[in-house]
Amino acid sequence: MAMRQMMGQEIARISTGFGQAVRPVLGAGRDGQALLFSSVPSGSELHRWNLGTGEMVWRYDEGMSGCNDMALVRLPDGGLALAVATEDGIEWWDAWTGQYRPDRIWEGWTIWSLSAGLLPDGRPLLVGAGHNGAAYRWDGLNGELLGSSPGGDGTGRMVLAVGFVPLPDSAGMIVSGDEDGRIWRWDAVSGDPVGVTIEGHTSRIQKIQALPTAGEPGFVSTDQEGLLRRWNAVTGSPVGPPIETGTDVFTLATASVEGTGLFFAAGADEIVRAWEVDTGKSVELSVPGVVVSALAQPDGTVLLATSTIRGDILVHKCVLRTQ
């Protein structure tokens with residue numbers, strides 16, 4: 001049986017000088033140009049890097065109360081905002097210039113995870129997973145809190161993972177996972193619960209990521225044991241068998257290449273793994289990293305930005321092939 005393979009060529013290596021893993025995030029600029037950002041878990045600094053030269057474009061070094069996650073929010077005017085989840089809430093920057101936006105700060109609870117999407121009227125939406133068990137929704141234009149969905153059955157079980165899943169002819173869906181391994185679905189506009197609770201995992205859910213599927217909308221979740229599970233977002237039913245990674249997964253990422261959806265996982269063993277979204281089949285890949293971010297390119301390639309445990313950021317340009 002033919003196996004898919006991703007051939008990667010290193011195109012950038014950036015030494016951040018921190019001596020520990022950082023979190024790289026890839027995004028697309030106005031002209032489709034690939035942009036690279038990074039944060040330090042302690043929240044001491046944020047950076048934007050020039051992918052062509054490896055030089056720093058801007059740096060914010062005034063510190064935050066930790067950096068648990070980052071999300072890029074695309075604005076209707078072509079602008080790009082960078083939101084950071086901290087121990088105290090959410091902070092914002094202009095992703096192009098690095099200008100800090102104190103007018104958008106939200107403080108309330110520790111936010112562990114972020115995801116961005118669009119509302120039916122085209123407004124950008126930011127969603128976050130709260131330490132108090134709530135799934136929060138903010139207006140991506142001004143940072144205003146739109147509402148929150150109480151965690152599950154109201155017990156306030158900590159939520160560590162959240163994802164936004166686009167739905168056809170709908171407002172989209174927020175998916176959150178709690179420390180008991182349960183998955184909750186919410187209407188992105190009203191915040192009302194959707195369907196029944198999914199008893200997804202036997203340990204706490206670490207990450208949730210929407211999937212670029214060829215069929216019905218879906219998402220993937222990973223737990224404390226490194227087990228990956230794919231789900232139909234509409235029905236809440238599992239898709240295919242669970243996938244065992246054998247390691248603690250720190251990040252998930254996705255990309256779509258010439259009609260083939262792919263998802264990636266990186267974690268404690270410094271190996272980036274890849275699978276086909278629709279089949280769950282493993283894709284051979286030889287790229288190191290403890291965290292990963294992916295960005296599909298117009299030429300059919302995929303950029304993978306990873307971090308080593310020493311804080312170096314590696315960027316590979318990958319091509320999908322069939323052996």
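Preceding block: the structure.
Anyway, here's the lowdown on the structure attached to this text. This one's a predicted model, so the numbers in the text were calculated from it and none came from an experiment. (Residues numbered from 1 in each chain as written. Predicted model: local features only at pLDDT ≥ 70, side-chain atom pairs only at ≥ 80, totals over all residues. Heavy atoms only, no water.)

Let's shift gears to the packing of aromatic side chains. Following the criterion strictly, the structure yields 8 aromatic pairs and no others. Relative to Trp93, the ring of Tyr60 lies with its centre 5.0 Å away and its plane at 75°, an arrangement referred to as edge-to-face. Of this pair, Tyr60 sits in strand E5 (residues 56-60) while Trp93 sits in strand E8 (residues 89-94), and the two are 33 residues apart along the sequence. When the ring of Tyr136 is compared with that of Trp138, the centres are 5.7 Å apart and the planes differ by 20°; the resulting orientation is stacked. Each residue in the set Tyr60, Trp93 and Tyr100 is aromatic and connected to the rest through ring pairs, giving one cluster. The ring of Trp92 has Arg104 sitting right over it, with the charged end atom 5.5 Å from the ring centre. (Phe/Tyr/Trp six-rings, centres within 6.5 Å; stacked < 30°, edge-to-face > 60°. Helix = DSSP H or I, 4+ residues; strand = E, 2+ residues; numbered from the N terminus. Lys NZ or Arg CZ within 6 Å of the ring centre and 35° of its normal.)

It is worth spelling out the layout of surface pockets at this point. In this model, the largest pocket occupies a volume close to 1200 Å³. If you trace the largest pocket, you find 42 residues lining it, with Leu26, Ser115, Ala116, Gln209 and Thr254 closest to the centre. At the level of elements, strand E2 (23-28), strand E6 (69-74), strand E10 (111-118), strand E14 (159-165), strand E18 (205-211), strand E22 (249-257) and strand E26 (291-296) are the ones that each hand at least two residues to the lining of the largest pocket. The residue inventory of the lining of the largest pocket, partitioned by class, reads 28 nonpolar, 10 polar and 4 charged. Counted as a void, the second largest pocket has a volume near 490 Å³. Along its surface, the second largest pocket is lined by 18 residues, and Arg23, Pro41, Asn68, Lys207 and Phe250 are the ones closest to its centre. Contributions of two or more residues to the lining of the second largest pocket are made by E18 and E22. Take the lining of the second largest pocket: its biggest share by element is 3 residues, from E22. (1 Å grid on protein atoms, 1.4 Å probe; cavity = no way out; pocket = protein on both sides within 12 Å on 5 of 7 lines; lining within 4 Å. Points joined across faces, edges and corners; volume = space filled by probe spheres on them. Nonpolar A, V, L, I, M, F, W, Y, C, P; charged D, E, K, R; others polar.)

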